[in-house]
Amino acid sequence: MFEFKIEWIRSKIRTNNIFSPRGKIIRIIVLYSIYSFVVNFQDAYSNAYPNTSINSFRNYINGSYISRGNHNGITVGAYVWLWSFYLNVNFIGFLVGTFATPYITDNYGRKVGSTISIVGTILMSISIWANSPELLIIGRFICSAATGISFGSLILFVQETTPTRLRGTASFLSETLYVFTNVVGMGFGLALIPTSIALVLTFFLKETPKFLLINKNKREEAEEAIEFYQGKCENHEEILGEIIKESECEKCYTSTRQGLIEVFKTPHLRKALFIGIIALQLMKAYWPLTYLSSNILMTHFSDTAAEYASFGFSFANFIACIAGNFVIDKFGRRPMLLINGVINTFCLILYIVFDRLTFYSNENFKYGCIVTIVVYGITYGLALGPIAYFITSELTPQQYRALVQSIALVIDCAVNFIFSFATMPVYDAIGVWAFIPLFIVPSILCLIYLFFVMPETKGREIHEILVDMKSGWRRRIGSCVHAKTLSATTSYRSCDEDSVVSTISFVTIHSVVHSETKVDDAMSLYSYHIRL
């Protein structure tokens, strides 16, 4: 009897049934919540704990110099620059890791890339035990490079394994658990344990169906992966057909150099890249606030009060992320990103107003600074952060998804490093007015661009979105979505035909109901599309 139970357990592990969500919403949420938490822990934790441990780090760095014979310790100016470099070297390492992500994910798979963060975790732990600020900076650089690979790989893994109807919710979970780790990281944490769990859990998961079918041409394994993640109730042949349509929309590139050339040469790929980059720039103030909100608030509050306010900022961010999971697939990516982007930018403007009123009018206005930072955290968690990180993968075909996403993240890391590195010195020089050139003006320009260019992706297959990206006609974004419910046509012939049939169906029905649009207009639209 005992041997039978052991064999049963082995059979379960071998077939991955224990960890398979099989399309069940609760199991999908539980699996991706746990997996996102353990994969992102090192990255999120290393970004969070310096904010509320600023006094400990100041004493640590100063004590290190005193122990070397400098009895006066480090100067204030030197400390500001060293501390700023320590915080922002994370972006340089993350940039290096992100740049390596396409090669790893396209050759070895999405789930393999998700586990590399454990390498950085081990090296970071060693550097801390060495009790040297310089080694700590080197360890942070190597650690961030490893987490850069894991972060990008996790986004691809989640996007490619979930059913289309749950893609937004599952992608939101990654950022939600990232922010949760920020909150946890402000109090305590041992990153080696969660990242070790990630390594073990990855062993029992299957690779993504799209990677197996498109990158490796393994149809049987792709079918097994579809059943593993989406269950037997799903129409596997239809899902495989959708994946094949996506693969037929673009040719695979044979080298990174060729891929880069194609991305910048091909209009719809270039547009997807620009949308991803600009969306990420909307949250330029988030990283400086995550790193330096305690420093900035110390202008008006005590050290303890500033650290509590910083914790409130991260906690509000986390709660908003949870709420975002429930609304992202109801309201859509485009309206949520734009509306929250406007509120987000307005919060930065109000912070300047309250800061000046505190100095020139009434000291009680300082509490308005806390409110604006907390609301900023809410808008980030509710939409800006999660959507900005996964929107690129919803605009790009499988063959270029990892590459385009990595280019966007690489550029974002470089910009983050420049802005975050400059924030503290510029803030020390001109005060709160630093927010205007560093954050407010760039955010306004980004919002204008996204308003005119960004399409809606909610509930749509990638090949359908690609048709809109290629056509450049934004009105078709809505028509394709509405046509799916209005048209009785359910058969698909190719990625282009699908959108054309849907669009013509909508235009034709619209003409019958409103008597405004002639059927000839629909045929003209078809002819226009074929010429493209």
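Residues numbered from 1 in each chain as written. Predicted model: local features only at pLDDT ≥ 70, side-chain atom pairs only at ≥ 80, totals over all residues. Heavy atoms only, no water.

The name that an unreviewed UniProt entry assigns to the chain is Major facilitator superfamily (MFS) profile domain-containing protein, with the source organism given as Acrobeloides nanus.

(A) Quick look at the overall build of the chain. The number of helices and strands found in the chain is 24 helices and zero strands. When each of the 532 residues of the chain is scored for burial, the buried share is 56%. Contacts in the chain between residues far apart in sequence, at least 24 positions, make up 79% of those at least 6 positions apart. Surface accessibility of the chain: about 22600 Å² in total, with carbon and sulfur atoms responsible for 66%. (Helix = DSSP H or I, 4+ residues; strand = E, 2+ residues; numbered from the N terminus. Buried < 20%, exposed > 50% of the residue type's maximum accessible area, 1.4 Å probe, protein only. Contact = heavy atoms within 4.5 Å. Areas by Shrake-Rupley, 256 points an atom, 1.4 Å probe, with all protein chains shown as cover.)

(B) Region of the structure containing the pattern of salt bridges. Counted by the stated rule, this structure contains ten salt bridges. Here R110 ties to D106 by a salt bridge, and the two come within 3.0 Å at their closest N and O atoms. In this structure R110 comes out as buried when scored by relative accessible area, which is 0%. Judged by its relative accessible area of 14%, D106 is buried. Taking the shortest distance from any N to any O, the salt bridge between R219 and E223 comes out at 3.5 Å. (Salt bridge = Lys/Arg side-chain N within 4 Å of Asp/Glu carboxyl O.)

(C) Local environment of the packing of aromatic side chains. All chains considered together, the criterion is met by 16 aromatic pairs. With centroids separated by 5.5 Å and ring planes inclined at 55°, the aromatic side chains of Y35 and F157 adopt a geometry described as tilted. Of the two residues, Y35 sits in helix α2 (residues 25-52) while F157 sits in helix α7 (residues 133-161), which places them 122 residues apart along the sequence. For the pair Y35 and F157, one class covers both residues: buried. (Phe/Tyr/Trp six-rings, centres within 6.5 Å; stacked < 30°, edge-to-face > 60°.)

(D) Just the side chain of T423, in detail. Along the chain, T423 falls in helix α19 (residues 398-430). Judged by relative accessible area, which is 2%, T423 ranks as buried. Apart from residues no more than four positions distant in its own chain, T423 is found in contact with P288, L292, L438 and F439.

(E) Representation of empty space enclosed by the protein in the model. Counted by the stated rule, this structure contains four cavities of 30 Å³ or more. The wall of the largest cavity is formed by 13 residues, among which D43, F91, F94, W287 and Y389 lie closest to the centre. For the lining of the largest cavity, the secondary-structure elements that each account for two or more residues are α2, α4 (76-108) and α19. Across the lining of the largest cavity, the residue classes tally to eight nonpolar, three polar and two charged. In this structure, the second largest cavity occupies an estimated 90 Å³ of space. Residue lining of the second largest cavity: F151, L154, I155, V158, Q159, A170, S171, S174, E175, P386, Y389 and F390, and that is the complete set. Contributing elements (two or more residues each) for the lining of the second largest cavity: α7, α8 (167-185) and α18 (366-394). By residue class, the composition of the lining of the second largest cavity is eight nonpolar, three polar and one charged. (1 Å grid on protein atoms, 1.4 Å probe; cavity = no way out; pocket = protein on both sides within 12 Å on 5 of 7 lines; lining within 4 Å. Points joined across faces, edges and corners; volume = space filled by probe spheres on them. Nonpolar A, V, L, I, M, F, W, Y, C, P; charged D, E, K, R; others polar.)

(F) Fine view of the nonpolar core. Membership of the largest hydrophobic core comes to 87 residues, with the highest contact counts inside it found for I387, Y389 and F435. Residues contacting Y389, with those up to four places away along its chain left out, are F151, I155, E175, L280, M283, W287, Y380, Q405, L409 and D412. Ranked by size, the runner-up nonpolar core spans 21 residues in total, among them Y32, L166, L177 and Y229. (Core = buried A, V, L, I, M, F, W, Y, C linked by side-chain atoms within 4.5 Å.)

(G) Molecular detail of a nonpolar patch on the surface. On the surface, a cluster of nonpolar side chains totalling about 860 Å² of accessible area is made up of I430, W433, I436, V441, I444, L445, I448, F451 and F452. A per-element tally of the nonpolar patch places helix α20 (residues 435-453) first, with seven residues. (Patch = residues over 30% accessible without salt bridge, like charges linked within 9 Å, V, L, I, M, F, W, Y side chains within 5 Å.)

(H) The arrangement of the environment of K232 in detail. Residue placement: K232 occurs in the loop between α11 (219-230) and α12 (236-249). For the pair K232 and R22, spaced 210 residues apart in sequence, the C-alpha to C-alpha distance is 7.2 Å.

(I) Inspection of the packing of helix α16 (residues 303-331) against helix α17 (residues 333-360) at higher detail. At a minimum axis separation of 7 Å, α16 and α17 run at an interaxial angle of 120°. Between α16 and α17, the interaxial angle falls into the category oblique. Residues V327, I328, D329 and F331 of α16 pack against R333, P335 and M336 of α17. Along the lines of polarity and charge, the residues of the contact of α16 with α17 split into five nonpolar, no polar and two charged. (Axes fitted to C-alpha atoms, helices over the stretch in contact; angles between N-to-C directions. Parallel < 35°, antiparallel > 145°, perpendicular 65-115°, else oblique.)

(J) Region of interest: unusual backbone geometry. Despite not being glycine, N217 shows a phi value in the positive range, around 55°. On the basis of relative accessible area, N217 is assigned to the exposed category, the value being 65%.

(K) Examining the packing of α4 against α7 more closely. Taken N-terminus to C-terminus, the directions of α4 and α7 make an angle of 40°; their axes are 6 Å apart at the nearest point. Regarding the angle of α4 to α7, the classification is oblique. Judged by the sense of rotation from one axis to the other, the crossing of α4 with α7 is right-handed. Looking at the contact of α4 with α7, its residues break down into 17 nonpolar, eleven polar and one charged. (Left-handed = near helix turned anticlockwise from the far one by under 90°.)

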